[in-house]
Structure formats: C-alpha cells, structure tokens
There are 2 protein chains.
Amino acid sequence: MAQNDIERLIQLLARLPGMGPRSARRAALHLIKKREALMLPLGTAIQRAADNIQTCSACGNLDTSDPCAICNDPKRDATVICVVEEVGDLWALERSGAFKGRYHVIGGTLSALDGRGPEQLNIGSLRGRVVEGSVTEIILALGATVDGQTTGHYVAETLAGSNVKISRLAHGVPVGGELDYLDDGTLTAALQARRPAG
Amino acid sequence: MAQNDIERLIQLLARLPGMGPRSARRAALHLIKKREALMLPLGTAIQRAADNIQTCSACGNLDTSDPCAICNDPKRDATVICVVEEVGDLWALERSGAFKGRYHVIGGTLSALDGRGPEQLNIGSLRGRVVEGSVTEIILALGATVDGQTTGHYVAETLAGSNVKISRLAHGVPVGGELDYLDDGTLTAALQARRPAG
C-alpha cells in the first residue's frame, strides 16, 4: 500500500494504553477526517506538552513549571504532605477537591516480584522535606494493595524519629457503592472501622 | 492546577474514538512518561500525516500521493472496481489480500434519517470511471445494513445502461463463526445461498 505515513501513525496510536490495532486505525481515520479541528491541534498539543512539561523537583508532580503550581501556591497548607504512588493519583485527589496540602509522588510501589526497591522510587527526598520544613502530618494515600501497603510501611519507617504524624486513607464502602458487590476485605474493614451514625 | 498544556492534551485525546476523559488522562500520562520513545514520534507522525495525506481524486482513498498507490499500480486489475463506504472498509479488504482490482470510496451511505443524499457522496464520478475506462465489473462491498443496501441499489441504478456487470458480496456464516451466535437474517441468507459441499 505504501501508505507509510498513515501506517506509522496507526502503529504509534496503537501503543497508547487502551488502544489496539483496530481502534488505532479508527482513531487515525478520525484524525484525518478532522484535520483542522482535531489532527493539527493534537499535533501541536503533543509538541507543546513534550517541550514544556517537567517533573517538579520538590514533589514529583508534572507541570509546566518547576516547582509545580501546587508547591508554589502559598494558599496551600505546607504542613501536610499527601504521599501518592503516581501523578494520576494526585490528579484524582485534586479532582475531589478534598485536599488542600502538598503532595509527594513516589513514582510507584516497592515490589519484590518486579524487583523494584526503594532506590527506584522518590522516597529519599521525602524525609528531607519533613526534616527541613514545617511538616506536621504525612497522609499515605497509597493503593490498598499488598505492594501499596508494603510501600506505606517502608515510607513510615524512613520517617521514624522525625516526630511527624503519619496517617493513611480510610478503608470502607465506596460512596454510591452497593454492599452486594463489595469484596470481603472491604466489608470487614468497613465493619471494623464503623462510626457512630447520625 | 494551571496545567494548561497537560489539560489541553487530555481534552484533545479524549476526542479520539473509543477514548473518554479517564482513558485520555491515562494516555496523556503514558505519553509524558515515554517522551522520547512515543510522545515525540507521535507528534511528528501526526504532523507528517496532516501535511502529506490527501484524498485520491480518482477513487477517494487516502494516501500520500494523488492518484493513490492502488490507482497507480499497473499490476492491479483496472477492469474491476470495488465500491466501499469508507476508507476503513478499503483497508479491511486490502488486509484480506483477496481483491486485486481498484476501489471507489463513496464516503458513506445514503440515509433518509440523517438527510444524506447522493450529492453528499462520491457516486457521480463512478459512472465517469465506468464509461471512460475498460471497467467490466462493479463489486458492491457495502454494509449489510438498510442504508448500505439502499445505497447499493442507488449505485446500481446510476450505472444502468453502461453494460457493466454488477455484483455484491455474499451473505453467509462468518468463517470461524458459530451458528449459535448468528442472527436469523444471516442464517436465512446462508441457507438460501447454500453451495454444493465438498
């Protein structure tokens, strides 16, 4: 077919998460159809993002400035740091609007199986932030998985003796969730952590 | 958050078919993580495709040359034209490797409901190709939908009196398909069009 520009586009689109060869072909055709409205703006947006986005040297967030807008915001509480695995988790917490402190993105979890040790993660600098700053509380907002919990224990250990309060997210029934569909572990945790009603 | 470059990227990715806000965020994070290996090449590929891809003025295919590589290929049979709805259908037939003639992409189907008439489709030039050229057969490879079949009838009508053989794809059991999962219409068509076995 000698459609090399098209085939290359499809190949690269197919490497996006959630895309396969079939959906990549559909996406490529859609882009070509919407040349002015979508294809050119997307090309520009990718180029701009590649040029401008950097990792915040303080917290590990992605932003166009370093330090990032969250670390730079004087209205945010610098005494509370929320530790998350990935930038996507930080975004999820920001969308909830429930947290007004700062973050620390460690970039994954410890994993014996995948051979990921502490030196591969952005944990070392957290103790520095705690010791140097006026931090009073660390919230571990890590996944409720074995690796996430192991990582939480490790982070807590590295902060031992720093006189900072360490908390973790509550386990329980998701808001809007039906009991029938919940796993035993969540139900057990929700029962044990029951709160006074009303 | 003032992450305007990131948010713009996510918004545009979310407009690809099969993507939503959630998968667009995942895709954006994936791109930023794989900056050298995926993000920069994809930006370039989109730009190149936007610059170079055009619609073949003969058949309606998309390619970097006009006429397209298929119309230009002297080894392909110029006496048979396969009429398809969209470029994606042409690609599917090319992947099968079963067709060695030329194509005519009409760009959709007639649709009374959506108000799409013949003037919105690339049908007019087909008669010209048949009359001017040495075309002996037109294969209607249109969708087995009401609109697809209506469009097929209309295309056949516009070719009336041009002394060209008009055929359509066979209906039947998909290869690898189980009878149990097939709809009644397909089973009826497959029964009526039964062929001598062995």
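Since the model is a prediction, treat every value here as computed from it, not as a measurement.

Reading guide: rules and limits
- Each residue is numbered by its place in its chain's sequence as written, counting from 1.
- In the order they appear in the text, chains get letters beginning with A and ligands get numbers beginning with 1.
- Totals for whole chains, interfaces and linings use every residue, but because this is a predicted model, local features are given only for residues with pLDDT of at least 70 and side-chain atom pairs only at 80 or more, for both listing and counting.
- With hydrogens and water stripped out, all remaining heavy atoms of the structure feed into the side-chain values.
- Here a helix means four or more residues in a row that DSSP labels H or I, a strand means two or more in a row labelled E, and each is numbered from the N terminus.
- Here a polar contact means two N or O atoms within 3.5 Å. Within protein one must be a hydrogen donor candidate and the other an acceptor candidate, and residues neighboring in sequence count only if both atoms are side-chain atoms.
- In this description, contact between two residues means that some pair of their heavy atoms is separated by no more than 4.5 Å.
- Grouping buried Ala, Val, Leu, Ile, Met, Phe, Trp, Tyr and Cys residues that are joined through side-chain atoms within 4.5 Å yields what is termed a nonpolar core.
- Partly exposed residues are those whose accessible area sits between 20% and 50% of the maximum for their type, while under 20% is buried and over 50% is exposed, using a 1.4 Å probe and protein chains only.
- Domain start and stop positions are those given by an automatic or database domain assignment.
- Once two parts are brought into contact, the accessible area they lose, counted with a 1.4 Å probe and summed over both, makes up the buried area.
- Salt bridges, as used here, are contacts in which a Lys or Arg side-chain nitrogen is within 4 Å of a carboxyl oxygen on Asp or Glu.
- Amino acids are sorted into nonpolar (Ala, Val, Leu, Ile, Met, Phe, Trp, Tyr, Cys and Pro), charged (Asp, Glu, Lys and Arg) and polar (every other residue, Gly among them).
- UniProt positions are given in the numbering used here, feature names are shortened, and annotations may be inferred rather than shown by experiment.
- Copies are brought into register by a least-squares superposition over C-alpha atoms of residues with pLDDT of at least 70 in both.
- Any residue with an atom within 4 Å of a point lines the site, the site being either a cavity, points on a 1 Å grid over the protein atoms alone where a 1.4 Å probe fits but cannot get out, or a pocket, an open set with protein on both sides within 12 Å along at least 5 of 7 lines.
- Grid points are joined across faces, edges and corners, and a volume is the space filled by probe spheres set on the points.
- Planes of paired rings set the category: under 30 degrees apart is stacked, over 60 is edge-to-face and the rest tilted, where pairs are Phe, Tyr or Trp rings (Trp by its six-membered ring) whose centres lie within 6.5 Å.

## Quick notes on the side chain of Ser162(A)
Residues and elements named next belong to chain A.
Argument step 1. By the secondary structure assignment, Ser162 is in the loop between helix 7 (146-158) and strand 6 (165-168).
Argument step 2. A polar side-chain atom of Ser162 sits 2.5 Å from the main-chain carbonyl oxygen of Leu159.
Argument step 3. With residues near it in sequence (within four places) discarded, Ser162 still touches Arg127 and Val130.

## Points about the nonpolar core
Here is a general trend for soluble globular proteins: nonpolar side chains tend to be buried in one another's company.
Argument step 1. Within the largest apolar cluster, 77 residues are counted, with the highest numbers of intra-cluster contacts made by Leu9(A), Leu13(A), Leu9(B), Leu13(B) and Leu16(B).
Argument step 2. Both of domain 1 (4-52) and domain 2 (74-168) of chain B provide at least three residues apiece to this core.
Argument step 3. Beyond its immediate chain neighbours, meaning those up to four positions away, Leu13(A) contacts Met19(A), Ala24(A), Ala27(A), Ala28(A), Leu31(A), Leu16(B) and Leu42(B).

## Description of the interface of chain A and chain B
Argument step 1. Contacts between chain A and chain B engage 51 residues on the former and 51 residues on the latter.
Argument step 2. Counting the surface lost from both chain A and chain B, the interface buries some 4,800 Å², and carbon and sulfur atoms represent 69% of this.
Argument step 3. Remark: the boundary between chain A and chain B carries four salt bridges.
Argument step 4. Across the pair Lys33(B) and Glu86(A) runs a salt bridge, and its minimum N-O distance is 3.5 Å.
Argument step 5. Here the side of chain A that touches chain B takes 16 residues from helix 3 (residues 35-52) of chain A, the largest share from any one element.
Argument step 6. Residues that form the side of chain A that touches chain B fall into these classes: 29 nonpolar, nine polar and 13 charged.

## Quick word on the UniProt feature "zinc finger region: C4-type" (unreviewed entry) in chain A
Argument step 1. UniProt annotation of "zinc finger region: C4-type" (unreviewed entry) refers to residues 56-71 of chain A when read in the numbering used here.
Argument step 2. Within residues 56-71 of chain A, the helical portion is 19% and the strand portion 12%, while the C-alpha atoms at the span's ends are 8 Å from each other.

## Side note on the relation of the copies chain A and chain B
Argument step 1. The transformation that overlays chain A on chain B combines an axial shift of 0.0 Å with a rotation of 180°, and the residual RMSD is 0.1 Å. Expressed as a symmetry operation, the mapping of one chain copy onto the other fits a two-fold axis. Rotation axis and chain A: the residue whose C-alpha lies nearest the axis is Gly43(A), separated from it by 2.5 Å.
Argument step 2. Interface overlap between copies: 100% of the residues of chain A at the interface are likewise at the interface in chain B, consistent with a symmetric, same-surface contact.

## Describing the layout of surface pockets
A water-sized probe rolled over the atoms picks out the places where empty space is left.
All names here are of chain A.
Argument step 1. The space that makes up the largest pocket amounts to roughly 790 Å³.
Argument step 2. Around the largest pocket, the lining is made up of 25 residues, and of these Leu142, Ala144, Leu169, Ala170 and His171 lie nearest the centre.
Argument step 3. Counting only elements with at least two residues in the lining of the largest pocket, the list comes to helix 5 (87-96), strand 5 (137-141), helix 7 and helix 8 (184-192).
Argument step 4. Tallying contributions element by element places helix 7 first for the lining of the largest pocket, with five residues.
Argument step 5. Grouping the constituent residues of the lining of the largest pocket by class yields 13 nonpolar, nine polar and three charged.

## Considering the packing of aromatic side chains
Residues and elements named next belong to chain A.
Argument step 1. If you walk through the whole model with that rule in mind, you get two aromatic pairs over all chains.
Argument step 2. Ring centres of Phe99 and Tyr103 lie 5.1 Å apart, and the angle between their planes is 65°; on these two criteria the pair is classed as edge-to-face. Of the two residues, Phe99 and Tyr103, neither departs from the other in class, the shared state being buried.

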